[in-house]
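Remarks on the overall topology
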Amino acid sequence: MSTYLYRLARWCFRHRRVTLAGWLVALVAAVAIASLSGGKTSEMVTIPGTEAQQVTSVLKIKLPAAAGASTQVVFATPTGDISDAKYRAAITAVVKELGTVSQVTNASDPFERNALSPDKHVALSTVSYDVAAVDVKTATLDALDPAVTAARDAGVQVEFGGEIYPKATPAHIAEIIGLLVAFVVLLFTFGSFVAAGVPLATAVLGLGITIMGITAIASVVNISSASTSVSSLLGLSCGIDYALFILARHRSNLIEGHEPEEAVGRAAGTAGSSVLFAGLSVIIALCGMSVVGIPFLTAMGLTGALSVAMALLVSLTLLPAAFGFLGERAGRFSRLPALRRAEPAAHIAAHAPEQLTGTRWTRWVVRRRVPVLLTGVVLLAVMSFPVTKMDLGLPGAGSSPTSDTSRRAYDLTTAHFGPGYNGTLAVLADGATTASATQISTALSKLPGVATSSVSVVSNGIALISIVPTTGPNDSATTDLVHRIREDRSTLEAVTGAHILVGGLAATNIDVSAKLADALPIFLITIVVLAFLLLTFAFRTILVPIKSITGFLLSAGAAMGSQVALFQWGWGERILGIEPTQTLSFLPIILLAIMFGLSSDYEIFVVSRIKEHFTKNGDARHAVILGAGQSARVVTAAALIMTAIFVAVLSTPDPTVQAIGFSFAVGVFIDAFIVRLTLVPAAMAIIGDKIWYHPTWFARYVPDPDIEGEQLESKLSHDHEKDPILA
């Protein structure tokens, strides 16, 4: 593998203009295709096969008018009766205007439906569409806000909520902050503006192609907006990190006296091999999300894998081409006094690794290996404890910031109607008559936890009954109510002859969360098996994978436990202004997938260096000190960049993205600094040279991927001029 990467990098170096032109053409083509496709992501999370999804499917066939998406419009007056003439006339005019918007089939008049709050301060209207939420055009949603101008001019507060509603365009501040922090870290790591800019430029180009590609794919496949957020985070962070590792080795080769073309070839054959294997491990982990059989998670995993694959391709092709344009300048250092420390550090890394700060840290860890290992494991185990109290769900509008119109609509509805109006259940009775539908509604109204029950429509043998719970959509009591209706419906079905199903947005969220909770153990087992196979193949030993998997589980558990404590238990309310909410139901799965990939990255970068030194000197503990010490500076920079990008996400108002960013940031920080640069050296120093043991049959039947570039280095050192791989 290292030989092929060596050749590829040198080809891209020599044909740098062709390589750059190819990537620019790919970017222009991706932008053009995305613009023409009209694709967009969706906020809806559904899982085929759940009962709530069955309700939607039956409605599409037998009652299509009730199967489309809807927006709830909340009209409110701070004082006075909303049914007063001046308010009523404006609201009635607005309702008529909303009814004329494209794709809208009906906009209900709250005065005709008597959808007024008991205190007469709030009125509710429902805007119904003729298509599902994912098919509602952006232009349609954009037309809603101008349509309510007359009501606002009359002094009425108008907010939007429900299944789908108009949203403000995100400002992408998080990405900008992440890029700025990444540039500062790279600047101080390499001591050069040129060296700091190259990884950013290549990563941004790769990310641009990826996002445009996802947008185009979204025109034919349902892709959630969370998928785009995860892909952006992964594409940017992995793109910078992979370029960082190759750039560090390239500059080291230049400092050792190699010509630029030879330096980039050696960098690709050594560090590039580790990057390729690390990237493939992330891609395989993300693709592994498809094993749980949940479509939106499959889409999230595949789009994330696409972003990592693009980052990998850019790092292995465009980066060497960029080095071709820079020549010797890629190894130069800035003359600014603040950046001069990077130059001696680079020379020390190349010629005297024993003097590195990272080496001194690793030497300290190795000397105190037993207490360090025990302390670290206990600390991460304690941080993982909140996972046992995890409450999975899909946080709704009640978790959004007050700057979001859906949150204001949610609060107004809760305050004036009751929390249950934000989570109305749709009970479908297939084969019901008007009389039997009324009988079912009356029986359901007597259940504990039901505020109101009413028959919405009876048509074509289908009855739709609206159940308003006494509790909010994310309340455990609402979940209990849904289960109670489903468990007790057999009696009603026997009496009425109708087949009863429970759906609606709240029931959908309950079903999705339950399905994801059931899929979590399956996915965890899949990830552990994948990790074992991949790392066993990479390092040709059994103990390294076992150690790596243990560290991965500890860092993922600590990250998830921290998220539960801050977001679910409310510890972060005072610190970050985050209101307590349920743990995002799909977060544990995507965290496991991505943490597996990222932990494999750092494991490969650190352990491959250790193995490289062990192969040369045969001293296991000394190899740990030198290998981990040489890796520390670059791994620290990579982890700080990735952590900074994830932390920057906390500036976004979306609580879903905040939870994802926080979990990733904590996981990366813990895995890099506590696990890979502390616990891994301690454990490897305790085990000694036995950690590299493998049966003789393994070496005979399993090919050596040579991720350390040992075979390449050996060939080049023997006869550089005559070696056929240079042809």
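That block above? That's the structure.
Structure report, in brief. (Residues numbered from 1 in each chain as written. Predicted model: local features only at pLDDT ≥ 70, side-chain atom pairs only at ≥ 80, totals over all residues. Heavy atoms only, no water.)

1. As for the overall build of the protein
Assigned secondary structure in the protein consists of 25 helices and 10 strands. Considered along the principal axes of its C-alpha atoms, the protein spans approximately 90 × 50 × 45 Å. When contacts within the protein are restricted to residue pairs at least 6 apart in sequence, long-range pairs at least 24 apart make up 79% of them. Of the side-chain charges in the protein, 50 are positive and 52 negative, and the distance between the mean point of each set is 8 Å. (Helix = DSSP H or I, 4+ residues; strand = E, 2+ residues; numbered from the N terminus. Contact = heavy atoms within 4.5 Å. Lys, Arg positive; Asp, Glu negative; His and termini not counted. Charge placed at Lys NZ, Arg CZ, Asp CG, Glu CD.)

2. Considering the packing of helix H1 (residues 2-14) against helix H11 (residues 295-326)
Remark: H1 packs on H11, axes separated minimally by 7 Å, with the N-to-C direction vectors making an angle of 50°. Between H1 and H11, the interaxial angle falls into the category oblique. Note on packing geometry: the crossing formed by H1 with H11 is right-handed. In this structure, H1 uses Leu-5, Leu-8, Ala-9, Cys-12 and Phe-13 to contact H11, whose residues at the interface are Leu-316, Thr-317, Pro-320, Ala-321, Phe-323 and Gly-324. (Axes fitted to C-alpha atoms, helices over the stretch in contact; angles between N-to-C directions. Parallel < 35°, antiparallel > 145°, perpendicular 65-115°, else oblique. Left-handed = near helix turned anticlockwise from the far one by under 90°.)

3. Details of the state of the cysteines
Within this structure, the stated rule accounts for 0 disulfides. No disulfide involves Cys-287; its sulfur sits 13 Å from that of Cys-238, the nearest cysteine. (Disulfide = S-S within 2.5 Å.)

4. Considerations on the pairing of strand E6 (residues 425-430)
The element E6 is largely enclosed, with a buried count of 5 among its 6 residues. Bridge count for E6 against strand E8 (residues 462-469) is 6 bridges, and the pairing is antiparallel. From the neighbouring strand, Ala-426 faces E8, where its bridge partner is Ser-466. (Buried < 20%, exposed > 50% of the residue type's maximum accessible area, 1.4 Å probe, protein only. Pairing = 2+ DSSP bridges.)

5. Digging into the sheet that holds strand E3 (residues 122-129)
Ordered in space as E2-E3-E1-E4, the 4 strands form an open sheet in which the pairing is antiparallel. Of all strands in the sheet, those bounded by a partner on one side alone are strand E2 (104-107) and strand E4 (157-162). The mean inter-strand angle of the sheet, taken between neighbouring strand axes irrespective of direction, is 20°. In terms of strand pairing, E2 meets E3 through 3 bridges, oriented antiparallel. Note on E3: the bridge partner recorded for Val-104 is Tyr-129. The strands that helix H4 (residues 85-99) touches are strand E1 (70-76), E2 and E3; relative to E2, the one it contacts most, it runs at about 165°. Lying on the sheet, helix H15 (residues 405-416) is in contact with E1, E3 and E4; it crosses E4 at an angle near 100°.

6. Brief notes about the nonpolar core
Judged by nonpolar contacts, the single largest core of 139 residues is most densely connected at Leu-297, Phe-586 and Ile-590. Residues Ala-69, Ala-123, Tyr-129 and Val-158 belong to the second largest nonpolar core, which totals 29 residues. (Core = buried A, V, L, I, M, F, W, Y, C linked by side-chain atoms within 4.5 Å.)

7. Section: the sheet that holds strand E9 (residues 499-503)
In spatial order, the strands read E7-E8-E6-E9; together these 4 strands make up an open sheet with antiparallel pairing. The open sheet terminates on both sides in strands that have one partner only, identified here as strand E7 (450-459) and E9. Adjacent strand axes in the sheet meet at a mean angle of 20° when their direction is disregarded. Two elements, E7 and E8, share 8 bridges in a ladder whose sense is antiparallel. Bridged to Ser-459 within E8 is Ile-462. Taken strand by strand, helix H16 (residues 434-445) contacts E6, E7, E8 and E9, and its axis lies near 165° from that of E7. Along the sheet, helix H17 (residues 476-496) makes contact with E6, E7, E8 and E9, crossing E9 at roughly 170°.

8. Structural notes on the packing of helix H8 (residues 193-217) against H11
It is the contact of H8 with H11, at a shortest axis distance of 8 Å, that shows an interaxial angle of 140°. For the pair H8 and H11, the crossing hand works out as right-handed. Contacts between H8 and H11 involve Val-194, Val-198, Thr-202, Leu-205, Gly-206, Ile-209, Thr-210, Ile-214 and Ile-217 from the former and Thr-303, Leu-306, Ser-307, Met-310, Val-314, Leu-318, Leu-319, Ala-322, Phe-323 and Leu-326 from the latter. Split by residue class, the contact of H8 with H11 holds 14 nonpolar, 5 polar and no charged. (Nonpolar A, V, L, I, M, F, W, Y, C, P; charged D, E, K, R; others polar.)

9. Considering unusual backbone geometry
The backbone phi angle of Asn-114 is positive, close to 55°, even though this residue is not glycine. Following the sequence through the fold, Asn-114 ends up in the loop between E2 and E3. Judged by relative accessible area, Asn-114 falls into the exposed class, the value being 55%. With a phi angle near 55°, Asn-460 is a residue other than glycine that sits in the positive phi range. Here Asn-460 shows up in the loop between E7 and E8.

10. Quick notes on a nonpolar patch on the surface
A surface patch of nonpolar side chains, amounting to about 550 Å² of accessible area, comprises Val-370, Leu-374, Ile-542, Leu-543, Ile-546, Ile-686 and Ile-687. When residues of the nonpolar patch are traced back to their parent elements, those giving at least two are helix H14 (369-384), helix H19 (543-568) and helix H23 (655-687). Position of Val-370 relative to the elements: it lies in helix H14. Judged by relative accessible area, which is 46%, Val-370 ranks as partly exposed. (Patch = residues over 30% accessible without salt bridge, like charges linked within 9 Å, V, L, I, M, F, W, Y side chains within 5 Å. Areas by Shrake-Rupley, 256 points an atom, 1.4 Å probe, with all protein chains shown as cover. Salt bridge = Lys/Arg side-chain N within 4 Å of Asp/Glu carboxyl O.)

11. With respect to helix H2 (residues 16-37)
With 22 residues, H2 ought to run about 32 Å at 1.5 Å a step, and its terminal C-alpha atoms sit 32 Å apart, in line with that. Three or more residues of H2 are buried, namely Thr-19, Trp-23, Ala-30 and Ala-34. For H2, the angular spread of buried residues about the axis comes to 35°, placing them on one side. Residues of H2 that are exposed and point over 90 degrees away from its buried face: Arg-17, Val-18, Val-25, Val-28, Ser-35 and Leu-36. Elements that come into contact with the buried residues of H2 comprise H1, H8 and H11. In the segment just after H2, Gly-38 is the residue with positive phi, at about 70°. (Expected span 1.5 Å × (residues − 1). Arc of directions from axis to C-beta.)

12. Structural notes on the packing of aromatic side chains
One pass over the full model with this rule turns up 12 aromatic pairs. A centroid spacing of 5.4 Å and a plane angle of 75° characterise the contact between Phe-296 and Phe-586, whose relative ring orientation is edge-to-face. Here Phe-296 is found in helix H11, whereas its partner Phe-586 is found in the loop between strand E10 (583-584) and helix H21 (587-617), with 290 residues between them in sequence. Assessed through its relative accessible area of 8%, Phe-296 is described here as buried. Their ring planes at 55° and their centres at 5.6 Å tell us that Phe-567 and Phe-662 sit as a pair that is tilted. Here Phe-567 is found in helix H19, whereas its partner Phe-662 is found in helix H23, with 95 residues between them in sequence. Residue classification places Phe-567 among the buried positions, given a relative accessible area of 1%. The positively charged end of Arg-16 is found above the aromatic ring belonging to Phe-13, 5.5 Å away from the centroid. (Phe/Tyr/Trp six-rings, centres within 6.5 Å; stacked < 30°, edge-to-face > 60°. Lys NZ or Arg CZ within 6 Å of the ring centre and 35° of its normal.)

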